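A closer look at the structure
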Amino acid sequence: MREQREESNTMRIPNFELAYRGTPPWDIGRPQKEYIQLEQAGEIVGSALDVGCGTGENALYLAEQGHEVWGIDFTPTAIQKAQEKAAQRHLTATFRVLNVLELHTLGRTFDTVIDSGLFHVFGDEERPLFVDNLAAVIRRGGTYFMLCLSELAPKLDYGKLKDFLSNSDNLKDFLHSLPDSYELKDLMPNFDKLKEGEYGPRRVTQAEIKKSFHDGWRINYIRQATMESRMGPGVRLGWLSSISKE
Ligand code: SAH
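The structure displayed is predicted, hence computed values, not measured ones.

**Looking at helix α6 (residues 127-137)**
Residues of α6 that are buried: R127, F130, V131, N133, L134 and V137. In an axial view of α6, the angular spread of the buried residues amounts to 165°, which keeps them on one side of the axis. At its buried positions, α6 is contacted by β1 (48-51), β4 (110-116), β5 (138-149), α10 (206-212) and β6 (217-226).

**A word on the pattern of salt bridges**
If the charged atoms of two oppositely charged side chains come close together, the side chains can form a pair. Across all of its chains, the model carries 9 salt bridges by this definition. Across the pair R223 and E43 runs a salt bridge whose closest N-O atoms are separated by 3.8 Å. One end of the pair, R223, is in strand β6; the other, E43, is in the loop between α3 (33-40) and β1, and 180 residues separate them in sequence. When the shortest N-O distance is used, the salt bridge between R139 and D111 registers 2.7 Å. In this pair, R139 is assigned in strand β5 and D111 in strand β4, connecting sequence segments 28 residues apart. Here the salt bridges do not stand alone but share partners, grouping R30, K33 and E228 into one network.

**Digging into the site of the ligand**
Lining the immediate surroundings of the ligand are 17 residues, of which Y20, G52, D73, T75 and S116 lie closest. Between the ligand and the protein, one listed contact pairs a nitrogen atom with a backbone N or O atom of S116 at 2.8 Å. Starting from 570 Å² of accessible surface for the ligand in isolation, the protein chains cover 94%. Broken down by class, the residue content of the shell around the ligand amounts to 9 nonpolar, 7 polar and 1 charged.

**Focus: the pairing of β4**
The element β4 is extensively covered by neighbouring structure, given that 6 of its 7 residues are classed as buried. Across 6 bridges, β4 lies against β5 in parallel orientation. Within β5, the residue paired with I114 across the bridge is F145. At this point the chain moves from β4, through α6, to the parallel β5, and the crossover so formed is right-handed.

Cut-offs and rules
Within any chain, residue numbers begin from 1 and follow the written order of that chain's sequence. Confidence filtering applies because this is a predicted model: local features only for residues at pLDDT of at least 70, side-chain atom pairs given and counted only at 80 or more, and all residues used for totals across whole chains, interfaces and linings. Hydrogens are left out, water is left out, and the side-chain values use all remaining heavy atoms of the structure. Burial classes: relative accessible area under 20% of the type maximum marks a residue as buried, over 50% as exposed, and values in between as partly exposed (1.4 Å probe, protein chains only). Helix and strand labels come from DSSP, where a helix needs a run of H or I of at least four residues and a strand needs a run of E of at least two; each type is numbered from the N terminus. What the arc describes is the spread of directions from the helix axis to the C-beta atoms. Only heavy atoms enter the contact rule, under which two residues are in contact if any of them lie within 4.5 Å. The term salt bridge refers to a side-chain nitrogen of Lys or Arg lying within 4 Å of a carboxyl oxygen of Asp or Glu. Near is defined per residue: the residue qualifies when any heavy atom it owns lies within 4 Å of the molecule or strand. Pairing of N or O atoms within 3.5 Å defines a polar contact, subject to two protein rules: one partner must be a possible hydrogen donor and the other a possible acceptor, and residues neighboring in sequence count only if both atoms are side-chain atoms. To measure how exposed things are, a 1.4 Å probe is used in the Shrake-Rupley method; for residues, cover is taken only from the protein chains shown. The residue classification treats Ala, Val, Leu, Ile, Met, Phe, Trp, Tyr, Cys and Pro as nonpolar and Asp, Glu, Lys and Arg as charged. All others, Gly included, are polar. Paired strands, in this sense, are two strands between which DSSP finds at least two bridges. Consider the strands pointing away from the viewer: the crossover is right-handed when the path from the first strand over the helix to the second runs clockwise.

Next up, the structure:
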């Protein structure tokens, strides 16, 4: 049961690549409100790295506010879209295709790292690897902000998800352009076998966050937050964590 859940919640590069040829539910075309509020509260300081930046809305917002910004994502189409937006908006930001489990290869540190919806894609075995890589790119005293879905988030409604995927504005046109042998289940592993509530990003508990950041980190707060999505109103409950490197 546990293994199935891990597998169903971890989308890999080809799946993200396909998702970004359309517009995936999390790609809302504007910064997440929680990040706007953090910036306005002055909590985001200095240079910023957006890990799993997607098409770059949060990173570009911080660039607009005057931060030196880098965005990293392993999905080439997402990075290409982010670079196009930066050019269109005349903003300076550095976007790179890289697996965040190899962040240490960047060879530099940042004052702040932001994460909107990345941590919750990792399986248990990837979390410590990610945290080690994070430590390599954040200066001592620098802060990692993480927005993830929480265990309090309502389960995703199967009908809603199917509606979303078949909306021509999202993935339908793209799916139609694929060979006949290609099916929805290739985009989301085990889609057909999933039961209500078993798809969508993994839910993360406060205890799991504390466990991942117990050594060498100080948790400033973990507070309830909302993750906005294109799948309609419905509150998407998450945790916003502020975690500093000791
Ligand atoms: N932060 C973006 C995207 C969130 S979805 C936003 O708020 O819109 C999660 C993102 O993490 C996807 O863009 C996916 O391509 C990226 N991702 C997942 N695993 C990754 C990894 N190991 N290395 C780099 N990027 C990864």
